[in-house]
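# An overview of the molecular structure
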Amino acid sequence: MRILVVEDEPTLREGLTDLLEAAGYQVRAVGDGREAIRPGCAAAADLVVLDLMLPGLDGIEVCRQLRQTRPQLGILMLTARGAEEDKVAGLRAGADDYLTKPFGARELLARVEALGRRRQPHTPGPELLSAAGWTFDLGRCRARRDGADVELTAREAGILRLLWLHRDRAVSRAELLERVWESRGDLETRAVDMAIVKLRQKIETDPARPKLVVTVKGIGYAWGAP
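Anyway, here's the lowdown on the structure attached to this text. (Residues numbered from 1 in each chain as written. Predicted model: local features only at pLDDT ≥ 70, side-chain atom pairs only at ≥ 80, totals over all residues. Heavy atoms only, no water.)

## Thoughts on the overall build of the protein chain
Secondary structure summary: the protein chain contains 8 helices and 12 strands in total. Dimensions of the protein chain along its principal axes, counting C-alpha atoms only, are 65 × 30 × 30 Å. Across the 226 residues that make up the protein chain, the buried fraction comes to 45%. Contacts in the protein chain between residues at least 24 apart in sequence constitute 53% of all its contacts with a sequence separation of at least 6. For the protein chain, the accessible surface area stands at approximately 11800 Å², while carbon and sulfur atoms represent 50% of it. Seen as two clouds, the 35 positive and the 34 negative side-chain charges of the protein chain have centres 4 Å apart. (Helix = DSSP H or I, 4+ residues; strand = E, 2+ residues; numbered from the N terminus. Buried < 20%, exposed > 50% of the residue type's maximum accessible area, 1.4 Å probe, protein only. Contact = heavy atoms within 4.5 Å. Areas by Shrake-Rupley, 256 points an atom, 1.4 Å probe, with all protein chains shown as cover. Lys, Arg positive; Asp, Glu negative; His and termini not counted. Charge placed at Lys NZ, Arg CZ, Asp CG, Glu CD.)

## Examining the packing of helix α6 (residues 154–165) against helix α7 (residues 173–181)
Contact geometry for α6 and α7: axes closest at 10 Å, N-to-C directions at 125°. On the basis of the axis angle, α6 is oblique to α7. Crossing angle aside, the handedness with which α6 passes α7 is right-handed. Facing α6, whose interface residues are Arg155, Gly158, Ile159 and Leu162, α7 presents Glu175, Leu176, Arg179, Val180 and Trp181. (Axes fitted to C-alpha atoms, helices over the stretch in contact; angles between N-to-C directions. Parallel < 35°, antiparallel > 145°, perpendicular 65-115°, else oblique. Left-handed = near helix turned anticlockwise from the far one by under 90°.)

## Description of the sheet that holds strand β2 (residues 26–30)
In a beta sheet, neighbouring strands are held together by backbone hydrogen bonds and run either parallel or antiparallel to one another. A sheet is described by the order of its strands in space; here 5 strands give the open sequence β2-β1-β3-β4-β5, paired in parallel fashion. With one partner strand each, in any of the chains shown, β2 and β5 (97–100) form the two edges of the open sheet. Averaged over all pairs of adjacent strands, the angle between their axes in this sheet comes to 20°, without regard to strand direction. Judged from the 5 bridges that link them, strand β1 (residues 2–6) and β2 form a sheet pairing that is parallel. Bridge pairing in β2 places Val5 opposite Ala29. In the packing of helix α4 (residues 84–93) onto the sheet, contacts are made with β4 (74–79) and β5, and the angle to β5 comes to roughly 145°. (Pairing = 2+ DSSP bridges.)

## Observations regarding the packing of α6 against helix α8 (residues 191–203)
Interhelical geometry of α6 versus α8 gives an angle of 85° and a closest axis separation of 10 Å. Between α6 and α8, the angle falls in the class roughly perpendicular. Here Glu156, Ile159 and Leu160 of α6 lie close against α8, whose contacting residues are Ala195, Ile196, Lys198, Leu199, Lys202 and Ile203. Broken down by class, the residue content of the contact of α6 with α8 amounts to 6 nonpolar, no polar and 3 charged. (Nonpolar A, V, L, I, M, F, W, Y, C, P; charged D, E, K, R; others polar.)

## Concerning the side chain of Thr17
In this structure, Thr17 sits in helix α1 (residues 10–22). Here Thr17 is in contact with Val27 and Ala29, once residues within four sequence places are set aside.

## Overview of the pairing of strand β3 (residues 47–51)
Among the 5 residues that make up β3, 5 are buried, leaving the element largely enclosed by the rest of the structure. Side chains Leu47, Val49 and Asp51 project from β3 onto one buried face, and the interleaved Val48 and Leu50 project onto a second face that is buried too. Note that β1 and β3 share 4 bridges and pair parallel. Note that in β3 the partner of Leu4 across the bridge is Val48. Pairing geometry for β3 and β4, over 5 bridges, is parallel. Within β4, the position partnered with Leu47 by the bridge is Gly74. Of the crossover connections in this fold, the one passing from β3 over helix α3 (residues 59–69) to the parallel β4 is right-handed. (Right-handed = clockwise from strand over helix to strand, strands pointing away.)

See the structure below:
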């Protein structure tokens, strides 16, 4: 997903860029509202992370103009204001979601992921996979290698399916929670890590073979097999 960050404070702008790029997104960043609405600036973006208080043109007007020219564009508005009227103004201007500063990195990523999924058509996951000598029948929650069968839980099968579908990037714990557990992505829980440990105990018993699930520090997990 391609993201345009519109934030006038240089340190925060750089921090947002680094965070989103580390999560696997393509990021362009600008520090001025007028720059954000110039022809071509947001044309390639799938999502805009937009500060409310901007020089030149404030976030409300930027949001309104972007919504007129790109009706399907995702817009996440950021602001230091927490007043209800400011949130209502942003949403009425066309923002899809609202995040008040200061905010945590995990909450921001969870909201970005959620907005991204709203704009992507549902693609059914595979039922049969072959990797690292394994044959996975995800629909039946079974795995087979070297004549030995292993039973998977529905969540273990869901983890493998989601990682394989997004094998070009890391998948955060928040996204795993929302897509596999069907739970809120910002919950404080180690359920994902515990499930990954148990899954690895079943399918990563041979150190000579490629790992199927790899840890991406600070983000989550990724598909590791060729």
